[in-house]
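So you can see what is in the structure, the chains are spelled out below.
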Number of protein chains: 2
Amino acid sequence: MPEMRMAELARRSDLSVPTIKYYLREGLLQPGRRTSVNQAVYDTEHLERLRLIRALVTVAGLPLARVRLVVAAVSDNSSVLDAMAVTQDVLVGDRDAQTPSDEALSVLAAAVRDRGWDCEESSPAYLSAARAVTELSRENLTLVLDRLGDYAEAADSVGRIDLESLEGADGIDAAIRGVVLGNVLRRSLLESLVLLAQQHYAKDFSGSAGT
Amino acid sequence: MPEMRMAELARRSDLSVPTIKYYLREGLLQPGRRTSVNQAVYDTEHLERLRLIRALVTVAGLPLARVRLVVAAVSDNSSVLDAMAVTQDVLVGDRDAQTPSDEALSVLAAAVRDRGWDCEESSPAYLSAARAVTELSRENLTLVLDRLGDYAEAADSVGRIDLESLEGADGIDAAIRGVVLGNVLRRSLLESLVLLAQQHYAKDFSGSAGT
């Protein structure tokens, strides 16, 4: 495996030397191979790790405490499913710790049953969906809730494509990296694409409102 | 229109009195009707505004500076399309100010053309999609990029449902509130539903990887 000095590691990872040294001190990046008292060399595993950290910090906007959880899951010989579970939990976060309403839980349970999804009711993702339904009811956005089945159908396509693209991954390491980066990067891709579709359909909306 | 004192406004908006006073000082909430030197009364418009602010702060996790932009757009006699544009810009933000690559721009342009979308190439949403494509290429997540057309198809359904649910809104005020809250709340709903679909399809993945 080709080795490189800190300067090259910085150049190839698009991070500054002080940032990399910070990640080293924080234990997010594994130490390099020491070649003298104040010199060390790094390899492609360090580069891969830095690319992962950079995506989590700059693309996903995650705080370092959560980046640490993902890095630990990836380092820990975990399976693709473990890595996916950790990534899901980290992405969902606990920003809104509110308990979902019983009504929202049963509305969501019905939608999940209709789609035939086999998923974890105790997972942060499930609670997050239930909280979103709770908020929508609370704000009286019944027009959105009435289409819950249609949104679930679109979400089904996305989740299926996500997993299909992992099937093509070359080995477990690539698959784990794909889960973590894919979830983070595909998330902003999908949401931006939805906004573009809104712009498109809004032109019809404008037409019908103006007449 | 029924009027209420600060204590009732707090109870009905699920916010504390100090929080409401802070929003008043910051100009996010319009002043109430003064009934004495240190008393004022509020009406349902104040309540609506507070519900909007609460959703933007607690559900969308937006900083106050961006909440201010949305509130200004809603207050400003704007059209549904204006409100949608402002909400889109605020949701996309400028967290990642990186310029998209030319290659990503042309990949995105092809996907938009394939779907027949009529959308704004200069909008923050478009740039955000192009940046997501740039990051995916940079991280070599070609398996995700290969499915860009499929993701765009799913996004098309979501954007169409979003706009269809607005068609049913009762008047322009309800539609604007629907755009703002709908975009914020539907966003976390959709992403949570995608995670549930992933959990479902991951079980097949696990099976095929184990054999």
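Residues numbered from 1 in each chain as written. Chains lettered and ligands numbered in written order. Predicted model: local features only at pLDDT ≥ 70, side-chain atom pairs only at ≥ 80, totals over all residues. Heavy atoms only, no water.

Asks: I would appreciate a short explanation of the packing of helix α1 (residues 6-13) of chain B against helix α2 (residues 17-25) of chain B in the present structure.
Replies: Each pair of packed helices can be summarised by the angle the axes make with each other and by the distance between the axes. All names here are of chain B. Direction vectors running N to C along α1 and α2 enclose 100 degrees, while the axes themselves pass 9 Å from each other. The angle between the axes of α1 and α2 places the two elements in the roughly perpendicular class. Of α2, the residues touching α1 (which contributes Met6, Leu9, Ala10 and Ser13) are Val17, Ile20, Lys21 and Leu24. Of the residues assigned to the contact of α1 with α2, the class counts are six nonpolar, one polar and one charged. (Axes fitted to C-alpha atoms, helices over the stretch in contact; angles between N-to-C directions. Helix = DSSP H or I, 4+ residues; strand = E, 2+ residues; numbered from the N terminus. Parallel < 35°, antiparallel > 145°, perpendicular 65-115°, else oblique. Contact = heavy atoms within 4.5 Å. Nonpolar A, V, L, I, M, F, W, Y, C, P; charged D, E, K, R; others polar.)

Asks: I would appreciate a short explanation of helix α6 (residues 102-115) of chain B in the present structure.
Replies: Residues lying three or four places apart along an α-helix face the same way, a consequence of the helix completing one turn every 3.6 residues. Residues and elements named next belong to chain B. Its 14 residues give α6 an end-to-end C-alpha distance of 20 Å, which sits within 8% of 20 Å, the value for a rise of 1.5 Å per residue. All of the buried residues along α6 are Ala104, Leu108, Ala111 and Val112. Considered in projection along α6, the buried side chains sweep an arc of 100 degrees and stay on one side of the axis. Away from its buried face by more than 90 degrees, α6 exposes Asp102, Glu103, Arg113 and Asp114. (Expected span 1.5 Å × (residues − 1). Buried < 20%, exposed > 50% of the residue type's maximum accessible area, 1.4 Å probe, protein only. Arc of directions from axis to C-beta.)

Asks: Looking at this structure, how should I read the interface of chain A and chain B?
Replies: How big an interface is tends to be stated in terms of the accessible area lost upon association of its parts. Contacts between chain A and chain B engage 84 residues on the former and 84 residues on the latter. Counting across the interface, chain A meets chain B through eight salt bridges. For glutamate 191 of chain B, the salt bridge is made with arginine 186 of chain A, and the minimal N-O distance between the two is 3.3 Å. Taken together, chain A and chain B are joined by 28 residue pairs in polar contact (both at pLDDT 80 or more). For the side of chain A that touches chain B, the secondary-structure elements that each account for two or more residues are α3 (44-59), α5 (80-92), α6 (102-115), α7 (124-138), α8 (142-145), α9 (148-167) and α10 (172-210) of chain A. Per-element tally for the side of chain A that touches chain B: the top contributor is α10 of chain A, with 27 residues. (Salt bridge = Lys/Arg side-chain N within 4 Å of Asp/Glu carboxyl O. Polar contact = N/O pair within 3.5 Å; in protein donor to acceptor, adjacent residues only side chain to side chain.)

Asks: Which parts of the structure should I look at to understand the confidence of the model for chain A?
Replies: Residues and elements named next belong to chain A. Model confidence for chain A is summarised by a mean pLDDT of 84, while 91% of its residues fall at 70 or above. Low pLDDT, under 50, characterises residues 207-211; the stretch is placed with one contact to residues that sit more than four places away or in other chains. In the predicted assembly, ipTM is 0.78 and pTM is 0.77. (pLDDT = per-residue confidence, 0-100.)

Asks: Got a minute to help me understand the relation of the copies chain A and chain B in this structure?
Replies: Copy one and copy two of the chain differ by a rotation about an axis and a translation along that axis. Superposition record for chain A on chain B: RMSD 0.0 Å, screw rotation 180 degrees, translation along axis 0.0 Å. Within this description, the copies of the chain are treated as partners about a two-fold rotation axis. Relative to the rotation axis, the closest C-alpha in chain A is found at alanine 154 of chain A, a distance of 2.6 Å. By residue overlap, the copies meet face to face through one surface: 100% of the interface positions of chain A are interface positions in chain B. (Least-squares fit on C-alpha atoms with pLDDT ≥ 70 in both.)

Asks: Before we go on, may I ask you to explain the pairing of strand β1 (residues 33-36) of chain B in this structure?
Replies: Looking along a regular strand, one sees the side chains alternate between the two faces of the sheet. Residues and elements named next belong to chain B. Examined bridge by bridge, β1 and strand β2 (residues 39-41) share three bridges and lie antiparallel to one another. Looking at the pairing, arginine 34 lines up with alanine 40 of β2. Hairpin connection, β1 to β2: the antiparallel pair is bridged by two residues. (Pairing = 2+ DSSP bridges.)

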